[in-house]
Amino acid sequence: MNEGNVEPGAARAVDSGARQRFGVALRRMLGEMNRLVHGFAQEQRLHPTDVHALSFVMDSPGATTPGLLREHLGLTSGAVTACLDRLEKAGHIRRSRADDDRRVVHIHYAEGARPVARAYFMPLAQAADRASGRFSDDELAVVLRYLDALNDELGELRVPPRG
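Residues numbered from 1 in each chain as written. Predicted model: local features only at pLDDT ≥ 70, side-chain atom pairs only at ≥ 80, totals over all residues. Heavy atoms only, no water.

## Focus on the packing of helix α1 (residues 16–43) against helix α2 (residues 48–59)
- At a minimum axis distance of 8 Å, the contact between α1 and α2 shows a crossing angle of 105°. As summarised for this structure, α1 and α2 are arranged roughly perpendicular, according to the angle between their axes. From α1, Asn34, Val37, His38, Phe40 and Ala41 reach across to α2, where they touch Pro48, Val51, His52 and Leu54.
- A per-class count over the contact of α1 with α2 returns 6 nonpolar, 3 polar and no charged. (Axes fitted to C-alpha atoms, helices over the stretch in contact; angles between N-to-C directions. Helix = DSSP H or I, 4+ residues; strand = E, 2+ residues; numbered from the N terminus. Parallel < 35°, antiparallel > 145°, perpendicular 65-115°, else oblique. Contact = heavy atoms within 4.5 Å. Nonpolar A, V, L, I, M, F, W, Y, C, P; charged D, E, K, R; others polar.)

## A word on the side chain of Gln44
- Along the chain, Gln44 falls in the loop between α1 and α2.
- Residues within four places of Gln44 in sequence aside, it is in contact with Ala90, His92 and Val116.

## Points about the pattern of salt bridges
- Scanning the entire structure with this criterion turns up 6 salt bridges.
- Between Asp101 and Arg103 there is a salt bridge whose closest N-O contact spans 2.9 Å.
- Judged by relative accessible area, which is 23%, Asp101 ranks as partly exposed. (Salt bridge = Lys/Arg side-chain N within 4 Å of Asp/Glu carboxyl O. Buried < 20%, exposed > 50% of the residue type's maximum accessible area, 1.4 Å probe, protein only.)

## Things to note about α1
- The end-to-end C-alpha distance of α1 is 41 Å, a good match for the 40 Å that 28 residues give at a rise of 1.5 Å each.
- Within α1, the full set of buried residues consists of Val37, Gly39, Phe40 and Ala41.
- Along its buried surface, α1 packs onto α2 and α5 (114–132).
- Following α1 by one or two positions, Arg45 has its phi on the positive side, about 60°. (Expected span 1.5 Å × (residues − 1).)

Encoded structure:
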């Protein structure tokens, strides 16, 4: 076991009230993030799922593909194509063919889209900065370790494919 880590499945005595408050805080944060995502989607004439797709493209270490996006979002091929069409028309992504296999489509975040997203989400970045300023570097390291662990766990959960 690593320092500060608890092995999966290990019992830990935690106040059930604290667990409940923690769950409520996570749901509240998710709700606030969704509110912002829906606002951006509406402003850009997109569907909220399009914004989730855009986040996946932005956060991918390299070019992603429609198949990876379909798997991540649990959408049908047709729904992913419609999503990518909207994102491309709005100038948020561009598609290209792989040089070694022209059948493979790569999805790239369009550089020109950064200022639009940056302008809309700047208040979010500023709020995150203000909130993180209330914590020490050591406390932030623990929060980051938790968020990384939670994202790893959530990443293992698969969304059942639609239709």
